[in-house]
Amino acid sequence: MSAVSDRLPAFPWDKLEPYKKTAAAHPDGIVDLSVGTPVDPVPEHIQKALIAAADSPGYPTVWGTPELRDALTRWVEHRLGAREVTHRHVLPVVGSKELVAWLPTQLGLGPGDQVAFPRLAYPTYEVGARLARAEHVAYDDPTELDPSRLKLLWLNSPSNPTGRVLAKEELTRIVAWAREHGVLVLSDECYIELGWEADPVSVLHLDVNGGSYDGIVAVHSLSKRSNLAGYRAAFLAGDPAVLGPLLQIRKHGGMMTPAPTQAAVVAALGDDEHVRVQRERYAARRTALRDALLAHGFRIEHSEASLYLWATRDESCWDTVAHLADRGILVAPGDFYGPAGDRFVRVALTATDERVRAAAARLTA
């Protein structure tokens, strides 16, 4: 066990604990804008679907019920601009973090293979490479990488942490390059329904992939769009030549989405109204926090989508974390997402309206 844990970096969030204590000591309480966990209620119709499926004594299937696969294929075509999507093109997973962490291992990658991800990125991309004993490399432009040992290329648009969106033309260029060199593209699109100043596009869109899913897989989650982080509900869509073997591996590993969660996902993907309502909540919080940060002397870069504001005071990110903690506001230091973030902080929109108002008041006082 120690040999496995020794491959991993220190868990970054532990470093934030002293600042959390400082923020919690504020007379009006802490405003936690660090982790980005949903705080709003699960929509009632989704809860009802979960409850209706609660009497599920048998084992669920890894591939999901036919109803779930129907819901996934319909949504991918309706929302992402994909065409001719079948059950072979989709695969439910037990939350997207599990998938990201274990995918390189499930793909059979190991020493000598490379996994690439953006210079500023979700830390679990690196963790997945380390668990598989593969090499990891960060990029600014993936087409400038040496493709000779590159086996898995992570894209992330909209980005966590920066909120940057890759344009359709950029995605098309990257997909073409990866196919030319036989590199598998995994596109993490978990924030695709949260575009503010840009309209995010999927690699599954016909204009990006030319009507072929060869060598591309998209990752989607219901955690943010439907407040289902506690349900562990996510899925893959794309190349059947990749998803088929993954399905078999995950059968052996018992990686099954619980049956009640499968029923909840069907209900969630069949309804757009709750997504619209949740977007409006986040949009209002984004405006309040953005205006307050700017008034307080911050500069915000990218942040055209996702659930975060990527902000800087042109100082060490830890100085900024301490500065805000003194005001009872907890944010994530940018270096959690790579050394290039060492002068930024990530400010999450995932707090209640009351707590967001409190943060804005403290910043503009």
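Quick note: structure is the one above.
Everything in this summary refers to the structure shown in the same document. (Residues numbered from 1 in each chain as written. Predicted model: local features only at pLDDT ≥ 70, side-chain atom pairs only at ≥ 80, totals over all residues. Heavy atoms only, no water.)

1. Describing the overall build of the protein chain
In terms of helices and strands, the protein chain carries 13 helices and 13 strands. For the protein chain, the C-alpha radius of gyration of 20 Å lies close to 21 Å, the compact-globule estimate for 365 residues. Overall, the protein chain is about 55 × 50 × 45 Å in size when its C-alpha atoms are taken along their principal axes. Relative to its full complement of 365 residues, the protein chain shows a buried share of 55%. (Helix = DSSP H or I, 4+ residues; strand = E, 2+ residues; numbered from the N terminus. Rg over C-alpha atoms; globule rule 2.2 N^0.38 Å. Buried < 20%, exposed > 50% of the residue type's maximum accessible area, 1.4 Å probe, protein only.)

2. A look at the pairing of strand E7 (residues 216–221)
Across the six residues that make up E7, a large majority, six, are buried. Of the two faces of E7, the one lined by Ile 216, Ala 218 and His 220 and the one lined by Val 217, Val 219 and Ser 221 are each fully buried. When strand E6 (residues 184–188) meets E7, the two strands line up parallel, connected through four bridges. Each bridged residue has a counterpart across the sheet, and for Leu 186 the counterpart in E7 is Val 217. Pairing geometry for E7 and strand E8 (residues 234–238), over five bridges, is antiparallel. Looking at E8, one finds that Val 219 is bridged to Leu 236. (Pairing = 2+ DSSP bridges.)

3. As for the side chain of Thr 320
Counting through the fold element by element, Thr 320 comes out in helix H12 (residues 317–325). A polar side-chain atom of Thr 320 sits 2.8 Å from a polar atom in the side chain of Glu 315. Sequence-distant contacts of Thr 320, defined by excluding residues within four places in its chain, comprise Phe 298, Arg 313, Glu 315 and Val 345. (Polar contact = N/O pair within 3.5 Å; in protein donor to acceptor, adjacent residues only side chain to side chain. Contact = heavy atoms within 4.5 Å.)

4. Re the layout of surface pockets
Of the voids in this model, the largest pocket is the one considered here, and its volume is about 1,200 Å³. Every residue lining the largest pocket is counted, 46 residues in all, and those nearest its centre are Trp 13, Lys 97, Tyr 122, Pro 123 and Thr 124. Taken together, the elements giving at least two residues each to the lining of the largest pocket come down to helix H5 (96–106), strand E3 (114–118), helix H6 (124–131) and strand E4 (135–139). For the lining of the largest pocket, the element with the highest residue contribution is H6, accounting for five residues. A volume near 320 Å³ is recorded for the second largest pocket. Among the residues making up the lining of the second largest pocket, the classes are represented as ten nonpolar, four polar and five charged. (1 Å grid on protein atoms, 1.4 Å probe; cavity = no way out; pocket = protein on both sides within 12 Å on 5 of 7 lines; lining within 4 Å. Points joined across faces, edges and corners; volume = space filled by probe spheres on them. Nonpolar A, V, L, I, M, F, W, Y, C, P; charged D, E, K, R; others polar.)

Take it as geometry only, folks, not as evidence of what the structure does.
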